[in-house]
Amino acid sequence: DQQVKQNSPSLSVQEGRISILNCDYTNSMFDYFLWYKKYPAEGPTFLISISSIKDKNEDGRFTVFLNKSAKHLSLHIVPSQPGDSAVYFCAARLNNAGNMLTFGGGTRLMVKP
Amino acid sequence: DSGVTQTPKHLITATGQRVTLRCSPRSGDLSVYWYQQSLDQGLQFLIQYYNGEERAKGNILERFSAQQFPDLHSELNLSSLELGDSALYFCASSVLLNTEAFFGQGTRLTVV
């Protein structure tokens, strides 16, 4: 039973345009959500997070939106750059569960010059 | 470089064998986590240690065990290996239980 799902295995975007990566979850007890970026031959790197009490968090070119009623979150990257090409993982955490994260399957983003 | 060191980077072994994966956390980090990334299961949480004590267990098989030593490094022991154990094994560390976790580069285990 996948509690966190990323339904798009891949996404291709032109440089300078917006990239939107989506994530759905089923467990309403998740209270903290994170996005990680992963390059080949490297471990996941933390990108941005959002608490369940917020609906938006922004950090530079990266913005995460959370829609609790729909159990959906999205990561927006504006403008997209070729260096953003990587696999992006959505992850969720239960309250006080530390870094016991439940990850989605990942979305491979390709930003074309 | 996240500061988390995992050795070895690659490991090829036969079914039925036992291997040990090693993780050195970032300097100052007290908590260590192990994750498994297989082709069909994605990234799955295995186990968490904090300052030498086991704090949480995920989908870790009974054939797998781990520990965190007094110097805070951790080892993941995988025994009676099966073909399905082939995966990337990631270690991550954080200062405290709820602070940002930093992942190592992973150990790619291939069971033949």
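Up top is the structure.
Everything numeric in this text was worked out from a predicted model, so none of it was measured. (Residues numbered from 1 in each chain as written. Chains lettered and ligands numbered in written order. Predicted model: local features only at pLDDT ≥ 70, side-chain atom pairs only at ≥ 80, totals over all residues. Heavy atoms only, no water.)

Undergrad: Help me understand the interface of chain B and chain A, please; the structure alone is not making it clear to me.
TA: Interface size is commonly expressed as the accessible surface area that is lost when the partners come together. Across the boundary between the two partners, chain B contributes 19 residues, which contact 16 residues of chain A. Of the roughly 1400 Å² buried between chain B and chain A, counting both surfaces, carbon and sulfur atoms make up 57%. The largest per-residue losses of area from chain B upon contact with chain A belong to Leu43, Asn98 and Phe103 of chain B, which jointly make up 37% of the total buried on that side. Run the count over chain B and chain A and you get zero salt bridges. Between the two partners, chain B and chain A, sit two residue pairs in polar contact (both at pLDDT 80 or more). (Contact = heavy atoms within 4.5 Å. Buried area = accessible area lost by both parts, 1.4 Å probe. Salt bridge = Lys/Arg side-chain N within 4 Å of Asp/Glu carboxyl O. Polar contact = N/O pair within 3.5 Å; in protein donor to acceptor, adjacent residues only side chain to side chain.)

Undergrad: Honestly, the state of the cysteines in this entry has me stumped. Any pointers?
TA: A disulfide bridge is the covalent bond that connects two cysteines by way of their sulfur atoms. The tally for this structure, following the rule as stated, stands at two disulfides over all chains. Across the disulfide from Cys23 of chain A sits Cys90 of chain A; the S-S distance is 2.0 Å. Residues Cys23 of chain A and Cys90 of chain A share a disulfide whose torsion about the S-S bond is about -70°; that sign makes it left-handed. Here Cys90 of chain A lies in strand β9 (residues 86-94) and Cys23 of chain A lies in strand β3 (residues 19-25), a separation of 67 residues in the sequence. A relative accessible area of 0% places Cys23 of chain A in the buried class. With relative accessibility at 0%, the residue Cys90 of chain A sits in the buried group. Between the sulfur atoms of Cys23 of chain B and its disulfide partner Cys91 of chain B the distance amounts to 1.8 Å. Between Cys23 of chain B and Cys91 of chain B the disulfide shows an S-S torsion of about -60°. By sign, it is left-handed. A residue pair is termed long-range when its members are at least 10 positions apart, and Cys23 of chain B in strand β3 (residues 19-24) and Cys91 of chain B in strand β9 (residues 87-94) qualify at 68 residues. By relative accessible area, which is 0% here, Cys23 of chain B ends up buried. You can call Cys91 of chain B buried: its relative accessible area is 0%. (Disulfide = S-S within 2.5 Å. Helix = DSSP H or I, 4+ residues; strand = E, 2+ residues; numbered from the N terminus. Buried < 20%, exposed > 50% of the residue type's maximum accessible area, 1.4 Å probe, protein only.)

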